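# Chain and residue survey
The lines below spell out each chain.
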Amino acid sequence: MKKKYPDTLPDIQIIEEKDKRLRLKSKDVTFPLPDEDIKRIHDMLDYLEMSQVPEICEKFNMRAGMGLAYIQLGIAKRIFVIVYEVEEGVFERYVVVNPKVKSTSEEMVYIEEGEGCLSINRPTTGIVPRHARMKLIAYDEYGEQYELRVREELAVAFQHELDHLDGILFTDKIDSKNPFKGKDIYRSI
Ligand code: NI
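In this report, we go over the structure that sits alongside the text. All values derive from a computational prediction rather than experimental measurement.

## Some remarks on the side chain of S119
- Checked against the element boundaries, S119 lands in the loop between strand 4 (108-110) and strand 5 (130-131).
- Polar contacts involving the side chain of S119 include one to the side chain of Q72, which spans 3.0 Å.
- With near-sequence residues (within four places) excluded, S119 lies in contact with I14, I15, E16, E17, L22 and Q72.

Here you go:
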């Protein structure tokens, strides 16, 4: 049976590249999170999941996104969410608060088709080197601590969002003189 989605999108206003707030270093939060943050986090998850359902994406003229950081809403808190489609129509949801990276693989990969970002609305091209695997510790929205290992595409998404917490955009990591530098060194996924 097909999953039912709301008729309207959650109220998520994403700021764009030119907005200087994207360059802020976000700050750790304390628990318990206020109800408005819990709601916002759930809205962000719903928004991302809906953006990945082709009919909904088209209906609302959205761009599909896998991750979204608080700073993309203009709020400098160390919180991001990721929605990962494991198989068609089946989504894993990650709420990541105050994350700390425990370890990263030496092996580096890059997304063959290039990374994207809901705050960057222009064509981009080039290689963004990322660790193939990583281990981190974080909290969920209720203050529950957990440890997580991620790999491949999901690991890239985590690194992309971790960068947002420090005011870094994926385009910063592309060599402007030679956008495809490293093509023969890193593994494409
Ligand atoms: Ni982004």
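## A short note on the packing of aromatic side chains
- According to the stated counting rule, one finds three aromatic pairs in the structure shown.
- Ring geometry for F31 versus Y139: centroids 5.4 Å apart, planes at 45 degrees, classification tilted. Of the two residues, F31 sits in the segment before helix 1 (35-51) while Y139 sits in strand 6 (residues 133-139), which places them 108 residues apart along the sequence.
- Relative accessible area serves as the criterion here: at 29%, F31 is assigned to the partly exposed category.
- Look at Y139 and you get partly exposed, because its relative accessible area is 25%.
- Measuring from ring centre to ring centre gives 5.7 Å for F80 and F158, while their planes differ by 80 degrees; the resulting arrangement is edge-to-face. Within this pair, whereas F80 is found in strand 2 (residues 79-87), its partner F158 is found in helix 3 (residues 152-165), the two being separated by 78 residues in sequence.
- Taking relative accessible area as the criterion, F80 reaches 0% and is therefore assigned buried.
- Taken together, F80, Y94 and F158 form an aromatic cluster joined through their ring pairs.

## Quick word on the pairing of strand 6
- Pairing analysis gives five bridges linking strand 3 (residues 90-104) to strand 6, with the strands arranged antiparallel. Each residue of the ladder has a partner; that of T104, found in strand 6, is M134.
- Strand direction decides the pairing type here: strand 6 and strand 7 (residues 145-151), joined by seven bridges, are antiparallel. Within strand 7, the position partnered with R133 by the bridge is R151.

## Points about unusual backbone geometry
- Geometrically, the link from F31 to P32 is a cis peptide bond, its omega value of 0 degrees lying close to zero.
- Phi is positive for E152, which is not a glycine, with a value near 55 degrees.
- When you line up the elements, E152 lands in helix 3.

## Details of the pattern of salt bridges
- All told, the structure shown has 25 salt bridges when counted by the stated rule.
- A salt bridge links E16 to K18; its shortest N-O distance comes to 3.9 Å.
- Residue classification places E16 among the partly exposed residues on the basis of a relative accessible area of 37%.
- For K18, a relative accessible area of 69% gives the class exposed.
- Residue K39 is joined to D43 by a salt bridge in which the shortest nitrogen-to-oxygen separation is 2.7 Å. Of this pair, K39 and D43 both sit in helix 1, four residues apart, roughly one helical turn.
- Assessed through its relative accessible area of 16%, D43 is described here as buried.

## Quick look at the sheet that holds strand 2
- Here five strands make up an open sheet; going across it, the order is 1-2-3-6-7 and the pairing antiparallel. Of all the strands in the sheet, just strand 1 (67-69) and strand 7 have a single pairing partner and so form its edges. Going from strand to strand, the sheet's axes swing by 40 degrees on average, the running direction of each strand aside.
- When strand 1 meets strand 2, the two strands line up antiparallel, connected through three bridges. Bridge pairing in strand 2 places L68 opposite V81.
- Packed on one face of the sheet, helix 1 meets strand 1, strand 2 and strand 3 and runs near 35 degrees to strand 2.
- The sheet contacts of helix 3 involve strand 1, strand 2, strand 3, strand 6 and strand 7, and relative to strand 2 the element is tilted by about 165 degrees.

Reading the values: rules and limits
Residues numbered from 1 in each chain as written. Predicted model: local features only at pLDDT ≥ 70, side-chain atom pairs only at ≥ 80, totals over all residues. Heavy atoms only, no water. Helix = DSSP H or I, 4+ residues; strand = E, 2+ residues; numbered from the N terminus. Polar contact = N/O pair within 3.5 Å; in protein donor to acceptor, adjacent residues only side chain to side chain. Contact = heavy atoms within 4.5 Å. Phe/Tyr/Trp six-rings, centres within 6.5 Å; stacked < 30°, edge-to-face > 60°. Buried < 20%, exposed > 50% of the residue type's maximum accessible area, 1.4 Å probe, protein only. Pairing = 2+ DSSP bridges. Salt bridge = Lys/Arg side-chain N within 4 Å of Asp/Glu carboxyl O. Axes fitted to C-alpha atoms, helices over the stretch in contact; angles between N-to-C directions.

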